[in-house]
Amino acid sequence: MSSENYTQLTAPAPQTLAVPPECAGLRLDQALAQLMPQYSRARLTAWVKEGRVTVDGRSPAPRDKLHGGETIIVAPALSPEETAFHPENIPLNIVHEDDTLIVINKPAGLVVHPGSGNWQGTLLNALLAHAPQLATVPRAGIVHRLDKDTSGLLVIAKTLTAQTDLVRQLQARTVSREYRAVVHGTVKRPGRIDGAIGRDPRSRTRMAVVRTGKPAVTHYAIIEHLKRSTVLSCKLETGRTHQIRVHLQKLGYPIWGDPVYGPRNPPKTPHIDRQALHAEKLALQHPDSGETVQWHAPLPEDMRQLIAELRQD
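Here the structure is a predicted model, which means the values were calculated and not measured.

**Student:** So, the pairing of strand 7 (residues 176-184): which residues are in play, and what are the values?
**Tutor:** Taken across its nine residues, strand 7 has eight buried, putting it largely inside the fold. Direction of pairing for strand 7 relative to strand 13 (residues 277-285): antiparallel, over a ladder of six bridges. When the bridges of strand 13 are listed, Tyr-179 appears paired with Ala-279. Bridging between strand 7 and strand 12 (residues 229-236) involves seven bridges; their strand directions are antiparallel. Following the sheet pairing, His-184 is matched in strand 12 by Ser-229.

**Student:** Provide a residue-level description of the sheet that holds strand 1 (residues 15-18), including the pertinent values.
**Tutor:** Think of a sheet as strands paired side by side through backbone hydrogen bonds, with each pair either parallel or antiparallel. Ordered by their spatial adjacency, three strands build an open sheet running 1-3-2, and the pairing between neighbours is antiparallel. Here the strands that pair on one side only, and so sit at the sheet edges, are strand 1 and strand 2 (53-55). On average, each strand axis in the sheet is inclined to that of its neighbour by 15°, with strand direction left out of account. As paired strands, strand 2 and strand 3 (residues 71-74) are joined by three bridges and run antiparallel to one another. Directly across from Val-53, in strand 3, lies its bridge partner Val-74.

**Student:** Pulling in residues and values, what's your account of the pattern of salt bridges?
**Tutor:** For side chains of opposite charge, pairing can occur when their charged atoms come near one another. Taken as a whole and assessed by the stated rule, the structure comprises 16 salt bridges. Residue Arg-41 is joined to Asp-29 by a salt bridge in which the shortest nitrogen-to-oxygen separation is 3.6 Å. Highlighted residues: Arg-41 in helix 3 (residues 41-49) and Asp-29 in helix 2 (residues 28-35), separated in sequence by 12 residues. Given the relative accessible area of 39%, Arg-41 is considered partly exposed. Taken together, the shared-partner salt bridges connect Arg-27, Asp-29 and Arg-41 into one network.

**Student:** Hey, could you go over the nonpolar core for me, with residue numbers and the actual values?
**Tutor:** Counting residues in hydrophobic clusters, the biggest one holds 42 residues, and the most contacted among them are Val-182 and Leu-248. Elements represented by at least two residues in this core include exactly strand 5 (101-106), helix 5 (123-130), strand 6 (151-157), strand 7, strand 12, helix 7 (243-251), strand 13 and helix 8 (301-312). In contact with Val-182, other than residues within four places in its own chain, are Ser-229, Thr-230, Val-231, Ile-255, Trp-256, Ala-276, Met-303, Leu-306, Ile-307 and Leu-310. Among the nonpolar cores identified, the runner-up in size contains 18 residues, and Tyr-39, Val-55, Ile-72 and Ala-77 belong to it.

**Student:** Run through the side chain of His-86, naming residues and quoting values.
**Tutor:** By the secondary structure assignment, His-86 is in the loop between helix 4 (80-83) and strand 4 (94-97). There is a polar contact of 3.4 Å between the side chain of His-86 and the side chain of Glu-88.

**Student:** How would you summarise the packing of aromatic side chains if you had to cite specific residues and measurements?
**Tutor:** Tallied over the entire structure, the rule returns one aromatic pair. When the ring of Tyr-39 is compared with that of Trp-47, the centres are 4.8 Å apart and the planes differ by 70°; the resulting orientation is edge-to-face. For Tyr-39, a relative accessible area of 15% corresponds to the buried category. A relative accessible area of 3% places Trp-47 in the buried class.

**Student:** Give me the lowdown on the pairing of strand 11 (residues 217-225), citing residues and values where you can.
**Tutor:** For a regular strand, side-chain orientation follows a simple rule: the groups alternate between the two sheet faces. Pairing of strand 8 (residues 191-194) with strand 11 involves four bridges; the strand directions are antiparallel. Along strand 11, the bridge assignment pairs Ile-193 with Thr-218. Here seven bridges tie strand 11 to strand 12, and the two strands are oriented antiparallel to one another. From the neighbouring strand, His-225 faces strand 12, where its bridge partner is Thr-230.

Cut-offs applied
Residues numbered from 1 in each chain as written. Predicted model: local features only at pLDDT ≥ 70, side-chain atom pairs only at ≥ 80, totals over all residues. Heavy atoms only, no water. Buried < 20%, exposed > 50% of the residue type's maximum accessible area, 1.4 Å probe, protein only. Helix = DSSP H or I, 4+ residues; strand = E, 2+ residues; numbered from the N terminus. Pairing = 2+ DSSP bridges. Axes fitted to C-alpha atoms, helices over the stretch in contact; angles between N-to-C directions. Salt bridge = Lys/Arg side-chain N within 4 Å of Asp/Glu carboxyl O. Core = buried A, V, L, I, M, F, W, Y, C linked by side-chain atoms within 4.5 Å. Contact = heavy atoms within 4.5 Å. Polar contact = N/O pair within 3.5 Å; in protein donor to acceptor, adjacent residues only side chain to side chain. Phe/Tyr/Trp six-rings, centres within 6.5 Å; stacked < 30°, edge-to-face > 60°.

This is how it looks when you write it as structure tokens:
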């Protein structure tokens, strides 16, 4: 599929429905759920509210009762999921690019892949504009992710063969990913955190170290001690969702600026607008040559400023 296919998606043609006698007495949203089972009830209700549904030529409400025999016209709309995979002209900080790979230095604030609440303006949309051939590769070549507000290095596969190779390297844990983090508290010695990560049973939007989670291992080393904090280097063995953030919180050293896993009453100063976590080093075997290649992304300005202010404290 080419990128042109993504931009030429059109909504299905309007559908005309005759309300059968068995739907008499039902609310409009209930009847539509029966007459158009290929769509979710929530989606059908949204179309009614958006004016995409008429009953005998008038604009109804979802709760309006039907008597049977009415003519309903529904003008379907594409879902956010269906319109998400299209090119957008979003600047990219490209550290390396060849016929097989693209290495991106992702800024904080950029979502990697479209999803709930972020169907546009993602790294995937930017990649489809930069390299339209990525439309033929699943997920536009994305093989691993960074949280929205984590900055740093990501590798993108430009071919299906390269993507398969990189996924296998990630599974074999031969891809080296090293992060820089600024945490609350004084970490006394380097170490290894081995804690399975899964959904937090108390809050489904958070992750936590749980017995039923997936295996997760993080190695950490001390880069610098500051008065109220520590600069750490963190190396992943696995790549679970929010892994470093969850592991460091569990250890008792949450990351500065983390709105989800940070301390309940964090110091107001110095301030950073996101978690102080940056993917600074990436190394892997090049899918074509088999040689080990590596890249480094310097700390972004907001983390440098945070460290500088903590040094002065």
